[in-house]
Amino acid sequence: MALQVRKIVSYVEKTFIEGGKAAERPLVMIVAAAVIRNPWAGLPFQEDLRPQILEAAPPLGELLVEEILRQAGSADQIEAYGKAAVVGTAGEVEHASALIHTLRFGNAYRNAVGGTSYLSFTNMRGGPGCVITVPMMHKEDEGLRSHYLTVQTTIFDAPAPDEIVIALGAATSGRPHHRIGNRYSDLQELAQEAQSK
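Cut-offs applied
Residues numbered from 1 in each chain as written. Predicted model: local features only at pLDDT ≥ 70, side-chain atom pairs only at ≥ 80, totals over all residues. Heavy atoms only, no water. Core = buried A, V, L, I, M, F, W, Y, C linked by side-chain atoms within 4.5 Å. Buried < 20%, exposed > 50% of the residue type's maximum accessible area, 1.4 Å probe, protein only. Helix = DSSP H or I, 4+ residues; strand = E, 2+ residues; numbered from the N terminus. Contact = heavy atoms within 4.5 Å. Pairing = 2+ DSSP bridges. Phe/Tyr/Trp six-rings, centres within 6.5 Å; stacked < 30°, edge-to-face > 60°.

Colleague: Would you explain the nonpolar core in this entry?
Modeller: Soluble globular proteins tend to bury their nonpolar side chains together. The biggest cluster of nonpolar side chains holds 32 residues, and the ones touching the most others in it are Leu60, Leu64, Ile68, Leu99, Phe105, Tyr109 and Ile166. Only strand E2 (21–37), helix H1 (50–72), strand E3 (80–87), helix H2 (93–100), helix H3 (103–113) and strand E7 (163–171) provide two or more residues apiece to this core. If one sorts the elements of this core by residue count, H1 sits on top with eight residues. What Leu99 contacts, discounting residues up to four positions off in sequence, is Ile36, Pro39, Trp40, Ile53, Ala56, Ala57, Leu60, Phe105, Ile164 and Ile166. Among the nonpolar cores identified, the runner-up in size contains 19 residues, and Ala80, Val86, Met136 and Val151 belong to it.

Colleague: Help me out: how do you make sense of the environment of Ala90 in this one?
Modeller: Tracing the backbone shows Ala90 in the loop between E3 and H2. With a relative accessible area of 62%, Ala90 lands in the exposed category. On a C-alpha basis, the gap between Ala90 and Trp40 in space is 9.8 Å, while along the polypeptide they are 50 residues apart.

Colleague: Mind showing me how you'd approach unusual backbone geometry here?
Modeller: A negative phi angle characterises most non-glycine residues, just as the trans form characterises most peptide bonds. Along the chain, Ala158 connects to Pro159 via a cis peptide bond; the corresponding omega equals 0 degrees. With respect to the secondary-structure elements, Pro159 resides in the loop between strand E6 (149–154) and E7. If you check the backbone angles, His177 has positive phi at about 60 degrees while not being a glycine. Structurally, His177 is set in the loop between E7 and helix H4 (183–196). Judged by relative accessible area, which is 22%, His177 ranks as partly exposed.

Colleague: Help me understand the pairing of strand E5 (residues 131–138) in this model?
Modeller: Side chains on a regular strand alternate between the two faces of the sheet. Within E5, six of the eight residues are buried, which leaves it mostly tucked inside the rest of the structure. Pairing between E3 and E5: two bridges, direction antiparallel. Each bridged residue has a counterpart across the sheet, and for Ala80 the counterpart in E5 is His138. One ladder, built from six bridges, connects E5 with E6; its direction is antiparallel. Bridging across to E6, Val131 finds its partner in Thr154.

Colleague: Hey, could you run me through the packing of aromatic side chains in this one?
Modeller: The relative placement of two aromatic rings is captured by the distance of their centres and the angle of their planes. The final tally for this structure, using the stated rule, is one aromatic pair. Between Tyr81 and Tyr109, the ring centres sit 5.3 Å apart and the planes meet at 50 degrees, which makes this aromatic pair tilted. Taken together, the residues Tyr81 in strand E3 and Tyr109 in helix H3 connect sequence positions 28 residues apart. With respect to class, Tyr81 is no different from Tyr109; both count as buried.

And the structure:
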């Protein structure tokens, strides 16, 4: 069964002020989502999901990468990224997971933006209008807490019971006024504390 895309939905938010203070540059967060027919809908329990993964995941990755780059303006604008999948109520969470947890999907995004970090993710079951949550991290450095971000959106009529929403998220910077340090400073402090005992 070929990939059946009902629609593409994009969401963009720009934050100019955080904590009452103007951001040095606006934080732009983007979601590009595809509403697709669940390729396993109506079938009995499938022991092997691989045939549909191989057929659907690569073109789905290309489609969403093209849309998120269009919204961002260029690959260089993207500093943080993530992904999400929401399967409709007639599907399994495994169906949502199958299409995003394959290198044949994720590598399209990583390669396009020069990323080396893994893509943080959510995969869940939900109904039309449910919240689609995309957690993100820096595309090259998992330890930069400034880029631990979450973007959320909804699609009022998706996913239908026999559909899956597949989404990519992007951010053009870290949080405005980030000031909690990073994992590396914590590790250094913990090592120093351990030595002093």
